[in-house]
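Residues per chain are reported as follows:
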Amino acid sequence: SSPKKRPGQEEGNVPYVEDSGFGTYSGDPKVIADKVSTWLASPDLMQEMKANALKAARPSATLDIAKDLAEMVFEHKKKQVSSA
């Protein structure tokens, strides 16, 4: 189960995890415990969830975002210099 939902950038994570088939959300500790126990009792389900998580993984996402932001900053600076 995922941690407590937070507004903003984290908001889309729960549907993404649930729709991708590698987790669920609950704010109820008993539901969370039951769900995790069910997962741990089923090696086949754990393997399926692992495969789903690997399919959904985007290991370079943070670096891609950083590169995009850097390009935006450099373009902005270039425009400032050329208009000065």
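Presented here is a report on the structure given in the accompanying data block. (Residues numbered from 1 in each chain as written. Predicted model: local features only at pLDDT ≥ 70, side-chain atom pairs only at ≥ 80, totals over all residues. Heavy atoms only, no water.)

## Regarding the overall build of the protein
At step 1: Helix and strand counts for the protein come out as four helices and zero strands.
At step 2: In sequence order, the protein lays out its α and β elements as α-α-α-α.
At step 3: Expressed as a percentage of the 84 residues in the protein, the buried residues total 11%.
At step 4: Restricting the contact set of the protein to residue pairs at least 6 apart, pairs at least 24 apart contribute 41%. (Helix = DSSP H or I, 4+ residues; strand = E, 2+ residues; numbered from the N terminus. Buried < 20%, exposed > 50% of the residue type's maximum accessible area, 1.4 Å probe, protein only. Contact = heavy atoms within 4.5 Å.)

## Digging into the pattern of salt bridges
Once their charged atoms are close, side chains differing in charge can pair, the charge on each being opposite to the other.
At step 1: All chains considered together, the criterion is met by two salt bridges.
At step 2: A salt bridge links Asp34 to Lys30, with the nearest nitrogen and oxygen atoms 3.0 Å apart. Note that Asp34 and Lys30 are positioned in helix α2 (residues 29-40) at a spacing of four residues, about one turn of the helix.
At step 3: A relative accessible area of 40% places Asp34 in the partly exposed class. (Salt bridge = Lys/Arg side-chain N within 4 Å of Asp/Glu carboxyl O.)

## Regarding α2
At step 1: The end-to-end C-alpha separation of α2 is 16 Å, in line with the 16 Å expected for 12 residues at 1.5 Å each.
At step 2: N-cap assignment for α2: the residue whose side-chain oxygen lies 2.8 Å from the backbone N of Lys30 is Asp28. (Expected span 1.5 Å × (residues − 1). Polar contact = N/O pair within 3.5 Å; in protein donor to acceptor, adjacent residues only side chain to side chain.)

## Notes on the packing of aromatic side chains
At step 1: Evaluated as defined, the whole model comprises one aromatic pair.
At step 2: Ring geometry for Tyr16 against Phe22: centres 6.4 Å apart, planes inclined by 80 degrees, an arrangement best described as edge-to-face.
At step 3: Residue Tyr16 is classed as partly exposed on the basis of its relative accessible area of 33%.
At step 4: Look at Phe22 and you get partly exposed, because its relative accessible area is 23%. (Phe/Tyr/Trp six-rings, centres within 6.5 Å; stacked < 30°, edge-to-face > 60°.)

## A look at the side chain of Asn52
At step 1: One can find Asn52 in helix α3 (residues 43-56).
At step 2: The residues touching Asn52, leaving out its near neighbours within four places in the chain, are Ser20, Gly21 and Phe22.

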